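# Observations on chain architecture
Residues per chain, in single letters:
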Amino acid sequence: MAAPIITFEHVGKVYGEAEALVDFSLNVFPGEFLTVIGTSGSGKTTFLKMINGLIAPDSGRVEVEGEDIAQVDLIALRRRIGYTIQGVGLFPHMTVAQNMVYVPDLSGLFSPEEKRAQIERLLTLVGLEQDLAGRYPGELSGGQRQRVGIARALAANPHILLMDEPFGAVDEITRRRLQREIKAIHGELEVTIIFITHDIREALKLGDRVAVMDEGCLVQLDTPEALRQAPATPFVAELLGDEGNG
Ligand SMILES: Nc1ncnc2c1ncn2[C@@H]1O[C@H](COP(=O)(O)OP(=O)(O)OP(=O)(O)O)[C@@H](O)[C@H]1O
């Protein structure tokens, strides 16, 4: 098996009384699509933000691409990792194209010609018409904004894409479309995706493996089939509910 692209070793994080992560260890492998599910406040976002150094562990160690992130330049690390959140957070005063190349521009990654090619390629990849490139975020639908958010996160050709409930704010039909699209993008780009969701169906549908969290602990990390067949705890069984049967 390939070396892990992300490793958490006995990571702990406490906020006052709240234990956000408790002795949290896992490996994510290159090209994997890992979904993360758990109750509200179970530490999912804390886990995700530790991968790009937005939150530092109190104890334990986080490695990304073989490097302890306590030792690396976090700005450079973040530019190598795509990150998209619910509500997207596009810059309202910038066009779609300007939003998309904002991060690569910071590091002077592309020539003007390469930038145009990257914008064209990514708009196609996320299923948007080319003529949207000149629009402002306020002139887009929620689903279109979400697609621009994904395109922007992929703009610097990251090896890792972090997605924090990216489809939480769109209607059910758009959500299903976006799910199909992100699966296709994952297949095409060989990018490692960590995807947080509240929706067990989404977690089972998208994940090569699913990480189930409760109260800062990793309760189970398994393929959707293994989760269905052998939930590790009553909590996992309850979370699976009717989905466990199909
Ligand atoms: N900056 C902070 N200050 C204090 N407590 C925090 C902070 N960030 C997170 N917490 C606490 O840490 C715990 C884990 O939070 P986290 O956001 O990681 O959970 P989550 O699983 O992503 O939740 P949700 O599904 O509601 O987004 C919670 O108890 C939360 O209240």
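Since this is a predicted model, take the numbers as computed values, not measurements.

Next up on the list: the pattern of salt bridges. Any two side chains of opposite charge can pair, given that their charged atoms come close. One pass over the full model with this rule turns up 12 salt bridges. A salt bridge links E32 to R209; its shortest N-O distance comes to 2.3 Å. Here E32 is found in the loop between β2 (18–28) and β3 (33–38), whereas its partner R209 is found in strand β9 (residues 209–214), with 177 residues between them in sequence. The closest approach of N and O atoms between E63 and R61, which form a salt bridge, is 2.5 Å. The buried category is assigned to E63, whose relative accessible area is 18%. Overlapping salt bridges, with partners in common, bring together E9, R61, E63 and D68 in one network.

What follows covers the packing of aromatic side chains. A complete count under the given rule lists 6 aromatic pairs for this structure. Ring geometry for F8 and F47: centres 4.9 Å apart, planes at 65°, overall edge-to-face. Of this pair, F8 sits in strand β1 (residues 6–15) while F47 sits in helix α1 (residues 44–51), and the two are 39 residues apart along the sequence. Each member of the pair F8 and F47 is classed as buried. Between F33 and F195, the ring centres sit 5.9 Å apart and the planes meet at 45°, which makes this aromatic pair tilted. With F33 in strand β3 and F195 in strand β8 (residues 192–196), the pair connects residues that are 162 residues apart, well separated along the chain. Neither residue differs from the other here; F33 and F195 are each classed as buried. Three or more aromatic residues joined by ring pairs form one cluster here, namely F8, F24 and F47.

Okay, the environment of I160 next. Note that I160 resides in strand β7 (residues 160–164). You can call I160 buried: its relative accessible area is 1%. Taking the C-alpha atoms as reference, I160 lies 9.4 Å from E190; in sequence the two are 30 residues apart. Among all residues touching I160, those that are not within four sequence positions of it are I5, I6, V64, R80, I81, G82, V191 and T192.

What follows is about the sheet that holds strand β4 (residues 59–64). Strand pairing in a sheet is mediated by backbone hydrogen bonds. Such pairs are either parallel or antiparallel. In spatial order, the strands read β2-β1-β4-β5; together these 4 strands make up an open sheet with antiparallel pairing. Sheet topology places β2 and β5 (67–68) at the edges, where each strand pairs with a single neighbour. Where β1 lies against β2, 7 bridges are found, and the strand directions are antiparallel. Looking at β2, one finds that I6 is bridged to V28.

Before going further, it helps to examine the nonpolar core. In this structure, M100, I150, L161, I182 and I193 are the most contacted members of the largest nonpolar core, which totals 32 residues. Counting residues per element, the ones that place at least two in this core are α3 (96–100), α5 (112–125), α6 (142–154), β7, α7 (172–189) and β8. Tallying contributions element by element places α6 first for this core, with 5 residues. Non-local contacts of I193, meaning those with residues more than four positions away in its chain, are made with E32, F33, L34, L161, M163, I182 and H186. Listed in part, the 26 residues of the second largest apolar core include L48, V64, I81 and A211.

About the cut-offs
Think of each chain on its own: its residues are numbered from 1, step by step along the sequence as written. Only residues with pLDDT of 70 or above have their local features reported here, since the model is predicted, and side-chain atom pairs are shown and tallied only from 80 upward, although totals for entire chains, interfaces and linings are computed over all residues. Side-chain figures throughout are based on the complete set of non-hydrogen atoms in the structure, without hydrogens or water. Salt bridges are counted wherever a side-chain nitrogen of Lys or Arg sits within 4 Å of a carboxyl oxygen of Asp or Glu. Helix and strand assignments come from DSSP, with helices taken as H or I runs of at least 4 residues and strands as E runs of at least 2, each series counted from the N terminus. Exposed residues in this analysis have more than 50% of their type's maximum accessible area, buried residues have under 20%, and partly exposed residues fall in between, with area computed by a 1.4 Å probe over protein chains only. Stacked, edge-to-face and tilted are the three classes for Phe, Tyr and Trp ring pairs, Trp counted by its six-membered ring, which pair at centre distances within 6.5 Å; planes under 30 degrees apart are stacked, over 60 edge-to-face, the rest tilted. Only heavy atoms enter the contact rule, under which two residues are in contact if any of them lie within 4.5 Å. At least two DSSP bridges between two strands are required for those strands to pair. Side-chain atoms within 4.5 Å are what join buried Ala, Val, Leu, Ile, Met, Phe, Trp, Tyr and Cys residues into a set we call a nonpolar core.

So, to be careful, I would describe these as geometric facts and stop short of saying anything about function.
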